[in-house]
Amino acid sequence: MVLIQRKMEITKKIVLIAHDNRKEDLLDWVKYNKGTLSNHHLSATGTTGKLIHEQIGLPVFRFISGPLGGDQQIGAKIVEDSIDFMVFFWDPLSAQPHDPDVKALLRIAVLYNIPMACNRSSADFLISSPLMEKEYNRQLIDYGSRIPAKN
């Protein structure tokens, strides 16, 4: 098995996503971690990003809404090595019209070996890791050179 190294800088590129029933939980988490998150580059899906900016005051790049293709945009950015870390508070009890997109995004995050938290406990552990303040080399399996070369 051949491994490829992808370097994460000290300043991480973090994407924040929350389904409707989980937005308040994510906003509470972002507010609690505002100091740490302010040291990183943040992006989010449309409504989530708008709420983070308006209610918490952090700058955040906004993709379009998840059901309108935002999940696919984020997946593409993971493939392009433009996202290092994902916090996705998804709702496991509600049917989502874009469920295939959600599953594809989760699959890409695992395939490209990015840290991912899908609930508050996991997000707390990841954000408080000493690795958040260091460069980090994540390893990807080279599936016969199917993983794109880093630009």
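Residues numbered from 1 in each chain as written. Predicted model: local features only at pLDDT ≥ 70, side-chain atom pairs only at ≥ 80, totals over all residues. Heavy atoms only, no water.

Draft legend 1. Up close: the environment of Leu26. The residue Leu26 is located in helix H1 (residues 23-32) in this model. If near-sequence neighbours (up to four positions away) are discounted, Leu26 is found in contact with Leu16, Ile17, Ala18, Thr48, Val87 and Phe89. (Helix = DSSP H or I, 4+ residues; strand = E, 2+ residues; numbered from the N terminus. Contact = heavy atoms within 4.5 Å.)

Draft legend 2. Fine view of the nonpolar core. Ranked by internal contacts, the top residues of the largest apolar core, which has 22 residues, are Leu16, Leu26, Trp29, Val30, Leu37 and Val87. Listing elements by their share of this core, those giving two or more residues are strand S2 (13-18), H1, strand S3 (41-44), helix H3 (46-56), strand S5 (85-89) and helix H6 (120-127). At 4 residues, H1 tops the list of elements feeding residues into this core. Non-local contacts of Val30, meaning those with residues more than four positions away in its chain, are made with Leu16, Leu37, Ile52, Ile56 and Leu58. Within the second largest apolar cluster, 16 residues are counted, among which are Phe63, Leu106, Ala109 and Ile114. (Core = buried A, V, L, I, M, F, W, Y, C linked by side-chain atoms within 4.5 Å. Buried < 20%, exposed > 50% of the residue type's maximum accessible area, 1.4 Å probe, protein only.)

Draft legend 3. Highlighting the sheet that holds strand S4 (residues 61-62). The 5 strands lie next to each other as S4-S3-S2-S5-S6, forming an open sheet whose pairing is parallel. Both edges of this open sheet fall to S4 and strand S6 (116-117), since each of them pairs with a single strand only. One ladder, built from 2 bridges, connects S5 with S6; its direction is parallel. Following the sheet pairing, Met86 is matched in S6 by Met116. On top of the sheet, helix H5 (residues 99-111) reaches S2, S5 and S6; it is set at about 150° to S5, its chief contact. Sheet strands touched by H6: S5 and S6. Its angle to S5, the strand with the most contacts, is close to 160°. (Pairing = 2+ DSSP bridges. Axes fitted to C-alpha atoms, helices over the stretch in contact; angles between N-to-C directions.)

Draft legend 4. Molecular detail of the environment of Val2. Here Val2 lies in the segment before strand S1 (3-8). Looking at Val2, the relative accessible area reads 51%, which means it is exposed. C-alpha of Val2 to C-alpha of Ile64: the two residues are 62 residues apart in sequence and 35 Å apart in space.

Draft legend 5. Region of the structure containing H5. In this model, H5 (13 residues) spans 18 Å end to end at C-alpha, consistent with the 18 Å of a helix rising 1.5 Å per residue. Turning to H5, its buried residues are Asp101, Val102, Leu105, Leu106, Ile108 and Ala109. Taken end-on, H5 shows its buried residues confined to a sector of 160°, consistent with a single buried face. Facing away from the buried surface of H5 by more than 90 degrees, the exposed residues are Pro100, Lys103, Arg107 and Val110. The elements touched by buried residues of H5 are S2, helix H4 (70-79), S5 and S6. Immediately downstream of H5, the backbone of Asn113 shows phi near 55°, a positive value. (Expected span 1.5 Å × (residues − 1). Arc of directions from axis to C-beta.)

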